[in-house]
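For reference, the chains in residue letters:
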Amino acid sequence: MTITQADNAHVFRSLHTPAAPLALANAWDVASARVIEAAGAPAIATTSAGVAWSLGSPDGDFLTRDRVLELVGRIVAAVAVPVTADIEGGYGTDAAGVAETVTGVLAAGAVGVNIEDSTRPPTELAMRLAAARQTADRAGADLFLNARIDTFLFGLGDPETRLKETLARAHMYVDAGADGIFVPGITDTATIAALARDISVPLNVMAGPGAPTVAELGALGVARVSVGSGVAQVAYAAACRTAQELFGTGDYDSLAEGMAFPELNALFSEPH
């Protein structure tokens, strides 16, 4: 049976529930996406940082739209589960440029996007979100639009009013068409619970060492848990350790921790 983009979009949307939060181990290329899917992922999310590094660029809106969309298309074609793409600020200088990016994301077969405000004025992201929503609606596509708020991640504004500012942005972004709100940079349970209570759409947080477990986050009201560039950083750390061992002591012991060649190769041996 052929799985359509509409099918995957419906599945992806249904996965956002605090009862069993959607856990996303963000991928950065086809191989990482296939490995993550084989581990049991119900969906694949890309990491803009990991993608940028794999393509020889720093993170932070330095990549061109075409390079990102080409990779998204490759990942979509390689996995059977829904794919959502991190498109940073939208890869456009204005809302019209973001609309072009979203058109390309839909053509690539993805069912969701992340768009971040970064240090832009909130009204700017609201316009970008509205353009993305209108573009998907005109195409008749069910696109899950996840709006990332960077107040906590970047330490923006007064700490005493940061939660209030984050909620104000969240309400503005939902009004502009966001289906989910992503607030990275928080692990404090009281803050997470306050966000979940006051945001009417699924809440996404970014987790890492020291953060509550996926189940604990779900109990706080979180519907989606991402690890951002974390998996890519672990993979590159393994490459660094192995190289340092080879060039230092001349040993190869760390290679024993790698995936077995037949297991990894088998992920690409048959049509998916």
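Residues numbered from 1 in each chain as written. Predicted model: local features only at pLDDT ≥ 70, side-chain atom pairs only at ≥ 80, totals over all residues. Heavy atoms only, no water.

Draft legend 1. Looking closely at the environment of Ala-33. Of note, Ala-33 is situated in helix H2 (residues 30-38). Exposure remark for Ala-33: the relative accessible area of 0% places this residue in the buried category. Sequence separation of Ala-33 and Ala-78 is 45 residues, and the distance between their C-alpha atoms is 7.9 Å. Apart from the residues within four sequence positions on either side, Ala-33 is in contact with Ala-27, Ile-44, Ile-75 and Val-79. (Helix = DSSP H or I, 4+ residues; strand = E, 2+ residues; numbered from the N terminus. Buried < 20%, exposed > 50% of the residue type's maximum accessible area, 1.4 Å probe, protein only. Contact = heavy atoms within 4.5 Å.)

Draft legend 2. Looking closely at a nonpolar patch on the surface. Where nonpolar side chains cluster on the molecular surface, the patch consists of Leu-246, Phe-247, Tyr-252 and Leu-255 and spans about 500 Å² of accessible area. Along the chain, Tyr-252 falls in the loop between helix H10 (230-248) and helix H11 (261-266). Exposure remark for Tyr-252: the relative accessible area of 55% places this residue in the exposed category. (Patch = residues over 30% accessible without salt bridge, like charges linked within 9 Å, V, L, I, M, F, W, Y side chains within 5 Å. Areas by Shrake-Rupley, 256 points an atom, 1.4 Å probe, with all protein chains shown as cover. Salt bridge = Lys/Arg side-chain N within 4 Å of Asp/Glu carboxyl O.)

Draft legend 3. Local environment of the sheet that holds strand S2 (residues 44-45). Here we have 8 strands laid out as an open sheet, ordered S1-S8-S7-S6-S5-S4-S3-S2, and parallel in their pairing. Lying at the two open borders of the sheet, with one neighbouring strand each, are strand S1 (22-24) and S2. Here 3 bridges tie strand S7 (residues 203-206) to strand S8 (residues 224-226), and the two strands are oriented parallel to one another. Paired with Val-205 across the strands is Val-225, a residue of S8. (Pairing = 2+ DSSP bridges.)

Draft legend 4. Main features of the pairing of S7. With 2 bridges joining them, strand S6 (residues 180-182) and S7 adopt parallel strand pairing. Following the sheet pairing, Ile-181 is matched in S7 by Leu-203. Handedness of the crossover joining S6 and S7 through helix H8 (residues 189-198) is recorded here as right-handed. A crossover connection joins S7 to the parallel S8 through helix H9 (residues 214-219); in handedness this β-α-β unit is right-handed. (Right-handed = clockwise from strand over helix to strand, strands pointing away.)

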